[in-house]
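A closer look at the structure
Spelled out, the chains give:
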Amino acid sequence: MATTATFTVHASSQQTNAGLSLRGSCHSTSAARQLEQAVSELLAAGRPFIWVDCRYLLFLSWHGQRAVFNAHQQARQAGCTLYWCGFTPSVRGQLADTGLHLLLNLLPAGSYQGPTALLKEPLPAALHTRTFKQ
């Protein structure tokens, strides 16, 4: 699988929920840091829930998986619940290979209850976006 695709993290928040949309391939340490930083920023806002739309996440290397684990731990320590929604079968397989899927709150894409702007195609230009070309 080619892992040279751009990795983007789009963020949005509303009253009690915050959300992220992950797109592309997260395979480098820099991309993983972008993911961790985006989660940290949403946690700082004090929302009790963060919903992560993962439908367009193509690949998650061990760097990316470590970032997912770190985000899970950060959220747990902050008293926030992080919901990972809509992982593709291939990314779910990557998580299963390491056992990380057992720790996360994994939900189907249809269970996503975060900011709806993150589900739109194309995404609204006003969303906070982090882009990393690998």
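In this report, we go over the structure that sits alongside the text.

Turning our attention to helix H2 (residues 62-78). Spanning 17 residues, H2 covers 24 Å between terminal C-alpha atoms, matching the ideal 24 Å at 1.5 Å per step. Taken together, the buried positions of H2 are His63, Gly64, Gln65, Ala67, Val68, Ala71, His72 and Ala75. Buried residues along H2 sit in contact with strand E2 (17-26), helix H1 (29-44), strand E3 (49-60), strand E4 (81-85) and helix H3 (89-98). Of the residues flanking the start of H2, the one acting as N-cap is Ser61, its side-chain oxygen 3.1 Å from the backbone nitrogen of His63. Once H2 finishes, Gly79 follows within two positions and takes phi at roughly 75°, a positive value.

Moving on to the state of the cysteines. If you walk through the whole model with that rule in mind, you get zero disulfides. We note that Cys26 lacks a disulfide partner, and the nearest cysteine sulfur, in Cys54, lies 11 Å from it.

Time to look at the nonpolar core. Core analysis: the biggest nonpolar cluster contains 32 residues, and Leu20, Leu22 and Trp84 have the highest contact counts within it. Contributing elements (two or more residues each) for this core: strand E1 (7-13), E2, H1, E3, H2, E4 and H3. Sort the elements by how many residues they give to this core and H1 lands first, with seven residues. Listed in part, the five residues of the second largest apolar core include Trp51, Cys85, Tyr112 and Leu118.

Within the secondary structure, Gly46 sits in the loop between H1 and E3. Linking Gly46 and Asn105, residues 59 residues apart in sequence, is a C-alpha distance of 19 Å.

Okay, the pattern of salt bridges next. This structure, assessed with the given rule, holds two salt bridges. Note that Arg23 and Glu121 form a salt bridge whose closest N and O atoms lie 2.5 Å from each other. Of the two residues, Arg23 is situated in strand E2 and Glu121 in the loop between strand E5 (105-107) and strand E6 (128-132); the sequence distance between them amounts to 98 residues. In this structure, the salt-bridge partner of Arg55 is Asp53, at a minimum N-O distance of 2.8 Å.

What follows deals with the packing of H1 against H2. Across the interface, H1 lies against H2 with an axial gap of 8 Å and an inter-helix angle of 15°. If you check the angle between H1 and H2, you find them roughly parallel. For the element pair H1 and H2, the recorded crossing hand is right-handed. Every residue of H2 that contacts H1 at Thr29, Ala32, Leu35, Glu36, Val39, Ser40 and Leu43 is listed here: His63, Gly64, Arg66, Ala67, Val68, Asn70, Ala71, Gln74, Ala75 and Ala78. The residue inventory of the contact of H1 with H2, partitioned by class, reads nine nonpolar, six polar and two charged.

Moving on, we come to H3. Taken together, the buried positions of H3 are Val91, Gln94 and Leu95. Buried residues of H3, seen end-on, are gathered within an arc of 95° and therefore sit on one face of the element. Opposite the buried face of H3, at more than 90 degrees from it, the exposed residues are Pro89 and Asp97. In the core, the buried residues of H3 are packed alongside E3 and H2. Taken from the residues just after H3, Gly99 is the one with a positive phi, measuring 85°.

Procedures and definitions
- Residues numbered from 1 in each chain as written.
- Predicted model: local features only at pLDDT ≥ 70, side-chain atom pairs only at ≥ 80, totals over all residues.
- Heavy atoms only, no water.
- Helix = DSSP H or I, 4+ residues; strand = E, 2+ residues; numbered from the N terminus.
- Expected span 1.5 Å × (residues − 1).
- Buried < 20%, exposed > 50% of the residue type's maximum accessible area, 1.4 Å probe, protein only.
- Contact = heavy atoms within 4.5 Å.
- Polar contact = N/O pair within 3.5 Å; in protein donor to acceptor, adjacent residues only side chain to side chain.
- Disulfide = S-S within 2.5 Å.
- Core = buried A, V, L, I, M, F, W, Y, C linked by side-chain atoms within 4.5 Å.
- Salt bridge = Lys/Arg side-chain N within 4 Å of Asp/Glu carboxyl O.
- Axes fitted to C-alpha atoms, helices over the stretch in contact; angles between N-to-C directions.
- Parallel < 35°, antiparallel > 145°, perpendicular 65-115°, else oblique.
- Left-handed = near helix turned anticlockwise from the far one by under 90°.
- Nonpolar A, V, L, I, M, F, W, Y, C, P; charged D, E, K, R; others polar.
- Arc of directions from axis to C-beta.

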